[in-house]
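# What the coordinates show
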Amino acid sequence: MSVIDNFESWKDFLGDRLHEAQGNGISNNAISELAYDIGNYLSTQVQAKNDQERVLRDLWNAADENEQKAIANIMVKLVQNEGSK
């Protein structure tokens, strides 16, 4: 099973990457911009595999740029306490 097949594993994976980036001195602003870029990529290049992914993609696509940045920031907050720390 891939890490993206299970939402809890996906959050742990993202949490680990977030902590790694912070440990390497990457600013919160840079992390937020990267999360926004990843959101754009996923919404256009990755096929939704379940209802939750479709809802998130539809919300992303309905949002304007500022709202998409807010969604990206919320995803960062969602995983900040995940992973092995």
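As annotated in an unreviewed UniProt entry, the chain carries the name DUF3243 domain-containing protein and is attributed to Gracilibacillus xinjiangensis.

### Quick notes on the nonpolar core
Grouped together as the largest cluster of nonpolar side chains are 11 residues: Leu-18, Ala-21, Ile-31, Ala-35, Tyr-36, Trp-60, Ala-63, Ile-71, Ala-72, Val-76 and Val-79. Among the elements of the structure, helix H1 (7-23), helix H2 (28-45) and helix H4 (65-79) are those that each provide at least two residues to this core. Here the element with the most residues in this core is H4; it accounts for 4 residues. Setting aside residues no more than four positions away along its own chain, Val-79 makes contact with Lys-11, Leu-14, Gly-15 and Leu-18.

Cut-offs applied
- Residues numbered from 1 in each chain as written.
- Predicted model: local features only at pLDDT ≥ 70, side-chain atom pairs only at ≥ 80, totals over all residues.
- Heavy atoms only, no water.
- Core = buried A, V, L, I, M, F, W, Y, C linked by side-chain atoms within 4.5 Å.
- Buried < 20%, exposed > 50% of the residue type's maximum accessible area, 1.4 Å probe, protein only.
- Helix = DSSP H or I, 4+ residues; strand = E, 2+ residues; numbered from the N terminus.
- Contact = heavy atoms within 4.5 Å.

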